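# Working through the structure, step by step
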Amino acid sequence: MWKYTVQVNGMMCGMCESHVNDAVRKAFPVKKVSSSRSKKETTVITETELDEDALRAAISATGYEVGEIRKEPWEKKGLFGR
């Protein structure tokens, strides 16, 4: 599993977050996607590696500015796994 953290500038409200999340879901088979306008980032959890250029293009198509993309291995933590 992989975790992508994407800097996204220009999100102003909850609808902005939804537009970005929907665009990512339509473009890729993801496990989870969430956006935070206050952190100015979108987090994507997926089983397979994503094409970062395609990820950038999917988010840019919604009208928001995409910055740095960070990728790291991700493991689901169990209820008691800390």
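To be clear, the structure that these remarks concern was listed above.
Everything numeric in this text was worked out from a predicted model, so none of it was measured.

### Notes on helix 1 (residues 14–27)
The end-to-end C-alpha separation of helix 1 is 20 Å, in line with the 20 Å expected for 14 residues at 1.5 Å each. Of the positions making up helix 1, those classed as buried are Cys16, Glu17, Val20, Asn21, Ala23 and Val24. For helix 1, the angular spread of the buried residues around the axis is 160 degrees, confining them to a single face. For helix 1, the exposed residues set more than 90 degrees away from the buried face come down to Met15 and Lys26. Taken together, the buried residues of helix 1 touch strand 1 (2–9), strand 2 (32–36), strand 3 (41–46) and helix 2 (52–60).

### Considering the packing of helix 1 against helix 2
Two elements in contact, helix 1 and helix 2, have axes whose closest approach is 8 Å; the angle formed by their N-to-C orientations is 135 degrees. One finds that helix 1 runs oblique with respect to helix 2. Pair helix 1 / helix 2 crosses with right-handed handedness. Across the interface between the two elements, Val20, Ala23, Val24 and Ala27 from helix 1 touch Leu55, Ala58 and Ile59 from helix 2. In terms of residue class, the contact of helix 1 with helix 2 is made up of seven nonpolar, no polar and no charged.

### Describing the sheet that holds strand 2
Here four strands make up an open sheet; going across it, the order is 2-3-1-4 and the pairing antiparallel. Both edges of this open sheet fall to strand 2 and strand 4 (65–73), since each of them pairs with a single strand only. Pairwise comparison of adjacent strand axes, ignoring direction, gives a mean angle of 15 degrees for this sheet. Bridge count between strand 1 and strand 3: six bridges; the pairing is antiparallel. What sits directly across from Val6, in strand 3, is Thr42.

### So, helix 2
Every α-helix carries 3.6 residues per turn, so stepping three or four residues along brings you back to the same face. The set of residues buried in helix 2 consists of Leu55, Ala58 and Ile59. Along the long axis of helix 2, the arc covered by the buried residues comes to 95 degrees, so they all point the same way. The secondary structure elements touched by the buried residues of helix 2 are strand 1, helix 1 and strand 4.

### Topic: the pattern of salt bridges
Counted by the stated rule, this structure contains five salt bridges. Where Lys71 meets Glu49, a salt bridge forms, and the shortest distance between an N and an O atom there is 2.4 Å. Residue Lys71 is located in strand 4, and its partner Glu49 is located in the loop between strand 3 and helix 2; the two are separated by 22 residues in the primary sequence. A salt bridge links Arg70 to Glu68, with the nearest nitrogen and oxygen atoms 3.9 Å apart.

What counts, and at which threshold
Residues numbered from 1 in each chain as written. Predicted model: local features only at pLDDT ≥ 70, side-chain atom pairs only at ≥ 80, totals over all residues. Heavy atoms only, no water. Helix = DSSP H or I, 4+ residues; strand = E, 2+ residues; numbered from the N terminus. Expected span 1.5 Å × (residues − 1). Buried < 20%, exposed > 50% of the residue type's maximum accessible area, 1.4 Å probe, protein only. Arc of directions from axis to C-beta. Contact = heavy atoms within 4.5 Å. Axes fitted to C-alpha atoms, helices over the stretch in contact; angles between N-to-C directions. Parallel < 35°, antiparallel > 145°, perpendicular 65-115°, else oblique. Left-handed = near helix turned anticlockwise from the far one by under 90°. Nonpolar A, V, L, I, M, F, W, Y, C, P; charged D, E, K, R; others polar. Pairing = 2+ DSSP bridges. Salt bridge = Lys/Arg side-chain N within 4 Å of Asp/Glu carboxyl O.

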